[in-house]
Amino acid sequence: MELYLDTSDVAAVKRLARVFPLAGVTTNPSIVAAGKTPLEVLLPQLQEAMGGQGRLFAQVMATTAEGMVEDALKLRAIMADLVVKVPVTAEGLAAIKMLKAQGVPTLGTAVYSAAQGMMAALAGAEYVAPYVNRVDAQGGDGIQTVAELQQLLTLHVPNSKVLAASFKTPRQALDCLLAGCESITLPLDVAQQLITSPAVDAAIAKFEQDWQGAFGRTSI
């Protein structure tokens, strides 16, 4: 299982990389734009924040297949082992095929259906990213979409992985993992919720209180 953070916050990545067994960091144009740090600066900073380890993802901006390939090569010039995110449109599928032929790893992104995701995998995408919460917002079932896509890839394109994205709650992420999803990318707030809980804090406070009452200290 691969756990990624979906962010451009370098300080947060450094802080959470100390705690989480991170496989890397994913970004998208909106995330990068919000941070206002250009990719040629941001990507090396993110890699450094992870201690020089982990995989990074960045997305093309062009809308034609040829333009996407050109963008992909520019991104790989910044970070040689970068995974290039390509929206799964008709032009995107053509770009994924072209990049596969050049040995460039891709992630098919903006996936809203299992069939769309399977097409990306068949075109050669190493990863396919269904948007779980956004599917729900469109009146669909994000978890069911992930489960169907995972089954399709297991049966027909086993070399491709589902990398589920777009979460609002830890429960959504756990349901994807229970459905067999091999990779997830979490926004910072959802990642933080995985390791914080008022009930846990209360339990630890009670342990300290009882120990202090018995031994007059909170150390062993």
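Per an unreviewed UniProt entry, the recorded name for the protein is Fructose-6-phosphate aldolase, and the organism is Silvania hatchlandensis. According to the UniProt record, the Subunit (unreviewed entry) comment for the protein is "Homodecamer." Quoted straight from UniProt, the Function (unreviewed entry) entry for the protein says "Catalyzes the reversible formation of fructose 6-phosphate from dihydroxyacetone and D-glyceraldehyde 3-phosphate via an aldolization reaction."

A.B. asks: So what's going on with helix H11 (residues 198-215)? Which residues, and what values?
C.D. replies: Over its 18 residues, H11 runs 26 Å from end to end, which matches the ideal 26 Å to within 8%, given 1.5 Å per residue. One or two steps after H11, the chain reaches Gly216, where phi turns positive at roughly 75°.

A.B. asks: Residues and numbers for the sheet that holds strand S2 (residues 24-26), please.
C.D. replies: Ordered by their spatial adjacency, eight strands build a closed barrel running S1-S2-S3-S4-S5-S6-S7-S8, and the pairing between neighbours is parallel. The mean inter-strand angle of the sheet, taken between neighbouring strand axes irrespective of direction, is 25°. Here strand S4 (residues 83-87) runs beside strand S5 (residues 106-111); their pairing, made up of four bridges, is parallel. Residue Val84 lies in a different strand from S5, and its bridge partner there is Thr106. The strands touched by helix H4 (residues 65-78) within the sheet are strand S3 (55-59) and S4, with S4 carrying the most contacts at an inclination of about 155°. Relative to S5, helix H6 (residues 114-123) is tilted by about 165°, and along the sheet it contacts S5 and strand S6 (127-130).

The rules we used
- Residues numbered from 1 in each chain as written.
- Predicted model: local features only at pLDDT ≥ 70, side-chain atom pairs only at ≥ 80, totals over all residues.
- Heavy atoms only, no water.
- UniProt positions renumbered as here; feature names shortened; annotations may be inferred.
- Helix = DSSP H or I, 4+ residues; strand = E, 2+ residues; numbered from the N terminus.
- Expected span 1.5 Å × (residues − 1).
- Pairing = 2+ DSSP bridges.
- Axes fitted to C-alpha atoms, helices over the stretch in contact; angles between N-to-C directions.
- Contact = heavy atoms within 4.5 Å.

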